[in-house]
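Below are the chains, spelled out letter by letter.
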Amino acid sequence: MHIAFIGLGNMGAPMARNLLKAGHQLHVFDLNPHMLAELAQLGAQVSASPRDAAQQAELVISMLPAAAHVRQVYLGDDGVLAGIRPGTPALDCSTIDPQTAREVSAAAALQGIDLGDAPVSGGTGGAAAGTLTFMVGASPALFATLKPVLEHMGRNIVHCGAVGTGQIAKICNNLLLGISMIGVAEAMALGDALGIDTQVLAGIINSSTGRCWSSDSYNPWPGIVDTAPASRGYTGGFGADLMLKDLGLATEAARQAQQPVLLGALAQQLYQAMSQRGEGGRDFSAIVEAYRKPTN
Ligand code: NAD
């Protein structure tokens, strides 16, 4: 299949590589010429713009940083909608607000284009391994078309409902993750301060009612989970600034819906303070350091 792939960053590049490996023909575009050169070496055809890429495509996929980039790539003068042939399916995998996902999809629908949203979880490791979870907001027909292609990049392909619901699923999950990580950090730090061995405490939590992914798979206390970023200096995981972005999307969507997100707003401020200290690139579980006594 001829696929236009736009946005070849930390996530998009490995996703595009997996599509190439599966035998698809890619027409790639990114603002970064180094990434274009890298994908060209693997057999992708470099396009001059999103419009150029879309003209050649039987399917368009994008993976961009934020809502403004998605608007630009689809609605701009040289954008996807300026080049795409009517009837061509399209999918934006960026994490953005549900409102923008719906608005850009509505603009596409005016041209006979079915554009869905499919934010992912699984991080750069999952993108490279082809084990991402795709949370898809799309019509049933579009979902059926996309699923076999997404299976080359992911393991769980979930149809969440109509356009925008993929983004809703993603921001609700990350709202909970941001909060639960802080809860585990608080409990681990309290236990340590009160004098219990933190390994023993983690073992109790992980076989009791406090158990969650942040405690049993990604514990923020160093040395509890060997494979967690906490055990390698909080490097190579999910950066605090990315969590901050997702909590910003959640609190803004909540504001629009007049829905209180009390703990989400507090969590957002805690990661904001981490970012202000220049720690936005560290894994988000380093939030535990806000609770630890300085050692010197
Ligand atoms: P990134 O910043 O590494 O990559 C984004 C790419 O988009 C860059 O290569 C950039 O040059 C390109 N780009 C920006 N504007 C463009 C334009 N107008 N035209 C063409 N290309 C353009 O970001 P990423 O880490 O790959 O994340 C992409 C999306 O996936 C984000 O929405 C992010 O929130 C989400 N996400 C990231 C992770 C992660 O662990 N990195 C995990 C899950 C979801």
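Model, not experiment: these values are computed from the prediction.

Visitor: Looking at this structure, I do not really get empty space enclosed by the protein. What am I missing?
Guide: Rolled over the atoms, a probe as big as a water molecule pinpoints where empty space is left. For the coordinates displayed, the defined rule picks out one cavity of 30 Å³ or more. Estimates place the volume of the largest cavity at around 40 Å³. Contributing to the lining of the largest cavity are V70, D92, I96, T100, A101, V104, L115, G116, D117 and V163. Elements with a minimum of two residues in the lining of the largest cavity: α6 (98–109) and β6 (115–117).

Visitor: Teacher, can you tell me more about the packing of aromatic side chains here?
Guide: The geometry of an aromatic ring pair is captured by two quantities: the separation of the ring centres and the angle between the planes. What the rule picks out here adds up to four aromatic pairs. Taking the centre distance of 4.6 Å and the plane angle of 25° together, the rings of W213 and Y218 count as stacked. Residue W213 is classed as partly exposed on the basis of its relative accessible area of 43%. When the ring of Y271 is compared with that of F284, the centres are 6.3 Å apart and the planes differ by 45°; the resulting orientation is tilted. Remark: F284 occurs in the segment after α13 (262–279) and Y271 occurs in helix α13; sequence separation between them is 13 residues.

Visitor: Hey, could you run me through the domain arrangement of the chain in this one?
Guide: Accessible area lost during the coming together of the parts is what is often quoted as the interface size. Partitioning the chain into domains gives domain 1 (2–162) and domain 2 (168–290). Between the C-alpha centres of domain 1 and domain 2 the distance comes to 29 Å. Of the roughly 780 Å² buried between domain 1 and domain 2 on both sides combined, carbon and sulfur atoms contribute 68%. Viewed at the interface, domain 2 and domain 1 are joined by zero salt bridges.

Visitor: Explain the site of the ligand here, please?
Guide: Around the ligand lies a shell of 22 residues, among which N10, M11, D30, T95 and K245 are the nearest. Here an oxygen atom of the ligand sits 3.0 Å away from a polar atom, N or O, in the main chain of T95. Burial of the ligand by the protein amounts to 85% of the accessible area it has alone, namely 840 Å². Broken down by secondary-structure element, the contributors of at least two residues to the shell around the ligand are α4 (67–75), α7 (123–129) and α12 (240–257).

Visitor: Is there a simple way to think about the side chain of S94 in this case?
Guide: Within the element layout of this structure, S94 appears in the loop between β5 (90–92) and α6. Only 2.8 Å separates the side chain of S94 from the backbone nitrogen of L64, close enough to count as a polar contact. Of the polar contacts made by the side chain of S94, one reaches the side chain of D92; its length is 2.7 Å. Once you skip the residues sitting within four places of it in the chain, S94 turns out to touch S62, M63, L64, V70, P119 and Q167.

Visitor: Mind showing me how you'd approach the layout of surface pockets here?
Guide: Taken as a whole, the second largest pocket spans an internal volume of roughly 300 Å³. In terms of lining, the second largest pocket is formed by 16 residues, of which the most central are P98, I171, A253, A254 and A257. Among the secondary structure elements, those contributing two or more residues to the lining of the second largest pocket are α6, α9 (165–194) and α12. Sort the elements by how many residues they give to the lining of the second largest pocket and α12 lands first, with six residues. Residue composition of the lining of the second largest pocket, by class: ten nonpolar, three polar and three charged. Residue assignment places the lining of the second largest pocket across two domains, with domain 1 (2–162) and domain 2 (168–290) each supplying three or more.

Reading guide: rules and limits
- Residues numbered from 1 in each chain as written.
- Predicted model: local features only at pLDDT ≥ 70, side-chain atom pairs only at ≥ 80, totals over all residues.
- Heavy atoms only, no water.
- 1 Å grid on protein atoms, 1.4 Å probe; cavity = no way out; pocket = protein on both sides within 12 Å on 5 of 7 lines; lining within 4 Å.
- Points joined across faces, edges and corners; volume = space filled by probe spheres on them.
- Helix = DSSP H or I, 4+ residues; strand = E, 2+ residues; numbered from the N terminus.
- Phe/Tyr/Trp six-rings, centres within 6.5 Å; stacked < 30°, edge-to-face > 60°.
- Buried < 20%, exposed > 50% of the residue type's maximum accessible area, 1.4 Å probe, protein only.
- Domains from an automatic or database assignment.
- Buried area = accessible area lost by both parts, 1.4 Å probe.
- Salt bridge = Lys/Arg side-chain N within 4 Å of Asp/Glu carboxyl O.
- Near = heavy atom within 4 Å.
- Polar contact = N/O pair within 3.5 Å; in protein donor to acceptor, adjacent residues only side chain to side chain.
- Areas by Shrake-Rupley, 256 points an atom, 1.4 Å probe, with all protein chains shown as cover.
- Contact = heavy atoms within 4.5 Å.
- Nonpolar A, V, L, I, M, F, W, Y, C, P; charged D, E, K, R; others polar.

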